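Residues per chain, in single letters:
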Amino acid sequence: MYFKFLILSASFFLFVSCDGFQAVDGIIVDSETHKPITNVQIKEINKFDALGFSDNQGYFQFHEISGLAFGDKEMTLIFSKENYTSDTITFINNESKLIKLERIEEK
């Protein structure tokens, strides 16, 4: 009986301690010209530090280990760049998206 309890307890702690792996990627383009936008700042919602920036082709990718193995598999990101409207988009794990940012008209 004790041995079964020990195995069950060890299995439970092993499962709970596993981290969940999240991966998302995409391309950010101008909504009108469809040209890639470089250096778009990308942050995870409710976090202060930027995850990174889009590259010269507007491409970004993030791989993150967080939460539990059976936890939340969504990642909500905020895309922002000067002279463009910011956008907040939720990704499902392993999802790729084309992000279109709208240029702000200068007055």
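Please refer to the structure placed before this passage.
Residues numbered from 1 in each chain as written. Predicted model: local features only at pLDDT ≥ 70, side-chain atom pairs only at ≥ 80, totals over all residues. Heavy atoms only, no water.

### Looking at unusual backbone geometry
Then, in step 1: If you check the backbone angles, Asn39 has positive phi at about 55° while not being a glycine.
Then, in step 2: By the secondary structure assignment, Asn39 is in the loop between strand E1 (19–30) and strand E2 (41–44). (Helix = DSSP H or I, 4+ residues; strand = E, 2+ residues; numbered from the N terminus.)

### A closer look at a negative patch on the surface
Then, in step 1: Residues Glu32, Glu82, Glu102, Glu105 and Glu106 make up a contiguous surface patch of negative charge.
Then, in step 2: Tracing the backbone through its elements, the reader meets Glu32 in the loop between E1 and E2. (Patch = residues over 30% accessible without salt bridge, like charges linked within 9 Å, V, L, I, M, F, W, Y side chains within 5 Å. Areas by Shrake-Rupley, 256 points an atom, 1.4 Å probe, with all protein chains shown as cover. Salt bridge = Lys/Arg side-chain N within 4 Å of Asp/Glu carboxyl O. Lys, Arg positive; Asp, Glu negative; His and termini not counted. Charge placed at Lys NZ, Arg CZ, Asp CG, Glu CD.)

### Focus: the side chain of Asp30
Then, in step 1: With respect to the element layout, Asp30 can be found in strand E1.
Then, in step 2: Taking the relative accessible area as the measure of exposure, Asp30 reaches 6% and is therefore buried.
Then, in step 3: A distance of 3.0 Å separates a polar side-chain atom of Asp30 from the backbone nitrogen of Thr33. (Buried < 20%, exposed > 50% of the residue type's maximum accessible area, 1.4 Å probe, protein only. Polar contact = N/O pair within 3.5 Å; in protein donor to acceptor, adjacent residues only side chain to side chain.)

### Re the sheet that holds strand E5 (residues 74–80)
Then, in step 1: Judged by pairing direction, the sheet is antiparallel, and its four strands sit side by side in the order E3-E2-E5-E6 without closing on themselves. What marks the edges here is a single partner per strand, and that holds for strand E3 (50–53) and strand E6 (87–92). If you compare each strand with its neighbour and ignore which way they point, the axes differ by 30° on average.
Then, in step 2: Where E2 lies against E5, four bridges are found, and the strand directions are antiparallel. Across the sheet, the residue bridging to Lys43 is Ile78, located in E5. (Pairing = 2+ DSSP bridges. Axes fitted to C-alpha atoms, helices over the stretch in contact; angles between N-to-C directions.)

### Re the nonpolar core
Then, in step 1: In terms of nonpolar packing, the biggest core is built from 15 residues, with Ile28, Phe60, Leu77, Phe79, Phe91, Ile99 and Leu101 touching the most fellow members.
Then, in step 2: For this core, the secondary-structure elements that each account for two or more residues are E1, strand E4 (59–68), E5, E6 and strand E7 (95–101).
Then, in step 3: For this core, the leading source of residues is E5, giving three residues.
Then, in step 4: When neighbours within four sequence positions are excluded, Ile28 is seen to be in contact with Lys35, Pro36, Ile37, Val40, Ile42, Ser54, Gly58, Phe60, Phe79, Ile99 and Leu101. (Core = buried A, V, L, I, M, F, W, Y, C linked by side-chain atoms within 4.5 Å. Contact = heavy atoms within 4.5 Å.)

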